[in-house]
Every structure is written in structure tokens, then in C-alpha cells.
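Observations on the model geometry
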Amino acid sequence: MIDLKFDQKESKQLIMLDMLKEIVKACEAAEKQQKEFIRFGLEPPDFEESISNLKRFLTLRCRENGIWL
């Protein structure tokens, strides 16, 4: 899990933008990993736990920064 520290002076929009950038990076890494598993004929990983971790991360970061989805 990625632990990001934000300066309290930053606006909530910048915090949300940083979170979304991290999510996009994580999704791209998962897609790349999936392609590599298929390419080498391996059984692809189950991303259920990753999705659950992502949801927890978003909920926690939003709660800490007063951003409500």
C-alpha cells in the first residue's frame, strides 16, 4: 500500500489529483502484469485483494482529508 504524506496547506483538489494519479499508476502496473502473465502462459493473478486494498486506501485518504465521495 502506498503511504503518501500531504502538507496541510494543500487544497483538497490537489490531494484528490495526487490520489487519482497513484490509482492510474497502480492500474497501469496491474494491466502490464496481466499481459506478462498471459504472454508467458501463466495463470493470471486474482485482483480481488488489490481492488479491496484500493477501496480501503481511497476511503482512508478521503476521511483524513475531509473529502467525501
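Structure first, text after, so check above.
Here is what the cut-offs are and how they apply
- Residues numbered from 1 in each chain as written.
- Predicted model: local features only at pLDDT ≥ 70, side-chain atom pairs only at ≥ 80, totals over all residues.
- Heavy atoms only, no water.
- Core = buried A, V, L, I, M, F, W, Y, C linked by side-chain atoms within 4.5 Å.
- Buried < 20%, exposed > 50% of the residue type's maximum accessible area, 1.4 Å probe, protein only.
- Helix = DSSP H or I, 4+ residues; strand = E, 2+ residues; numbered from the N terminus.
- Axes fitted to C-alpha atoms, helices over the stretch in contact; angles between N-to-C directions.
- Parallel < 35°, antiparallel > 145°, perpendicular 65-115°, else oblique.
- Contact = heavy atoms within 4.5 Å.
- Nonpolar A, V, L, I, M, F, W, Y, C, P; charged D, E, K, R; others polar.
- Salt bridge = Lys/Arg side-chain N within 4 Å of Asp/Glu carboxyl O.
- Polar contact = N/O pair within 3.5 Å; in protein donor to acceptor, adjacent residues only side chain to side chain.

1. Focus on the nonpolar core
Core analysis: the biggest nonpolar cluster contains 6 residues, these being I15, M16, M19, F57, C62 and I67. At the level of elements, α1 (12-39) and α2 (48-65) are the ones that each hand at least two residues to this core. When residues in this core are grouped by element, the largest group, 3 residues, is from α1.

2. Structural notes on the environment of Q13
Mapped onto the elements, Q13 comes out in helix α1. Placed 54 residues apart in sequence, Q13 and I67 show a C-alpha to C-alpha distance of 8.9 Å.

3. What about the packing of α1 against α2?
Interhelical geometry of α1 versus α2 gives an angle of 170 degrees and a closest axis separation of 11 Å. With respect to α2, the element α1 is oriented roughly antiparallel. Along its contact with α1, which presents K12, I15, M16, M19 and I23, the element α2 presents L54, F57, L58, R61, C62 and N65. Of the residues contributing to the contact of α1 with α2, the split by class is 8 nonpolar, 1 polar and 2 charged.

4. Some thoughts on the pattern of salt bridges
A side chain with one charge may pair with a side chain of the opposite charge, provided their charged atoms come close. Taken as a whole, this structure holds 2 salt bridges when the rule is applied. Ionic pairing is found between K25 and E22, a salt bridge with its closest N-O pair at 3.6 Å. Here the residue K25 and the residue E22 both occupy positions in helix α1, the gap between them amounting to 3 residues, near one helical turn. Its salt-bridge partner being R61, residue E64 comes within 2.8 Å of it at the nearest N-O pair. Of this pair, E64 and R61 are both found in helix α2, 3 residues apart, which corresponds to roughly one turn of the helix.

5. Some words on the environment of S50
Structurally, S50 is set in helix α2. On the basis of relative accessibility, which here comes to 43%, the residue S50 falls in the partly exposed class.

6. Looking at the side chain of N65
Position of N65 relative to the elements: it lies in helix α2. Taking the relative accessible area as the measure of exposure, N65 reaches 15% and is therefore buried. Within polar-contact distance, the side chain of N65 engages the backbone oxygen of R61 at 2.8 Å.

Geometric values such as these leave the question of function open.
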